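Each chain is listed here by its residues.
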Amino acid sequence: MAQGALANVRDHAGAAGATVTLSYLDGEVTLDVFDDGAGFAEPAPAPGRGYGLRAMRDRLEEVGGVLIVESAPGEGTAVGARIPVRPYERAGA
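The structure reproduced in this document is the subject of the present report. (Residues numbered from 1 in each chain as written. Predicted model: local features only at pLDDT ≥ 70, side-chain atom pairs only at ≥ 80, totals over all residues. Heavy atoms only, no water.)

What follows concerns the overall build of the chain. Counting secondary structure elements, the chain contains 2 helices and 4 strands. Overall, the chain shows an N-to-C arrangement of helices and strands of α-β-β-α-β-β. Within the chain, buried positions represent 25% of all 93 residues. Taking contacts inside the chain between residues at least 6 apart in sequence as the whole, the part at least 24 apart equals 54%. (Helix = DSSP H or I, 4+ residues; strand = E, 2+ residues; numbered from the N terminus. Buried < 20%, exposed > 50% of the residue type's maximum accessible area, 1.4 Å probe, protein only. Contact = heavy atoms within 4.5 Å.)

Taken as a whole, this structure holds 2 salt bridges when the rule is applied. A salt bridge links Arg10 to Asp11, with the shortest nitrogen-to-oxygen separation between them at 2.8 Å. For Arg10, a relative accessible area of 61% corresponds to the exposed category. Overall, the relative accessible area of 33% leaves Asp11 in the partly exposed class. (Salt bridge = Lys/Arg side-chain N within 4 Å of Asp/Glu carboxyl O.)

On to unusual backbone geometry. Not every positive phi belongs to a glycine, and Asp26 is a case in point at roughly 30°. Residue position: Asp26 is located in the loop between β1 (18-25) and β2 (28-35).

Let us now look at the pairing of β2. Alignment of β1 against β2, held across 8 bridges, turns out to be antiparallel. If you follow Thr21 over to β2, its bridge partner there is Asp32. Following β1, the chain reverses through 2 residues before pairing antiparallel with β2; Asp26 in that reversal takes a positive phi of roughly 30°. Examined bridge by bridge, β2 and strand β4 (residues 77-84) share 8 bridges and lie antiparallel to one another. Note that in β4 the partner of Val33 across the bridge is Val79. (Pairing = 2+ DSSP bridges.)

The next subject is the sheet that holds β1. Taken together, 4 strands build an open sheet; the order of strands is β1-β2-β4-β3 and the sheet is antiparallel. Single-partner strands in this sheet number two, and they are β1 and β3 (66-71). The average undirected angle you get between the axes of adjacent strands in this sheet is 10°. Along the sheet, helix α1 (residues 2-13) makes contact with β1, β2 and β4, crossing β2 at roughly 10°. (Axes fitted to C-alpha atoms, helices over the stretch in contact; angles between N-to-C directions.)

What follows covers the nonpolar core. Ala5, Val9, Ala13, Leu31, Val33, Leu53, Met56, Leu60, Leu67, Val79 and Ala81 together form the largest nonpolar core, which totals 11 residues. Secondary structure elements with two or more residues in this core: α1, β2, α2 (53-62) and β4. Residues within four places of Ala5 in sequence aside, it is in contact with Val33, Met56 and Val79. (Core = buried A, V, L, I, M, F, W, Y, C linked by side-chain atoms within 4.5 Å.)

Here's what the structure looks like:
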């Protein structure tokens, strides 16, 4: 998800900077990528490489996750991935 989101920042945002945050919160792993780029009103499918928002959403759905995208023209973009995780179970516990 990070690779896809950062490729979108590089290729489309015209951003001066981006921030990546990876967290573990109450049974889920979260990955957030924020950029200060051009933003958009509605994403258009990009041809080719498979790093687009649709491909990220499809991959996340395969593991029970969700993709959240927030953007507005001139306001940058925030892409968040949320993936549920099960508690760690020790052998013999």
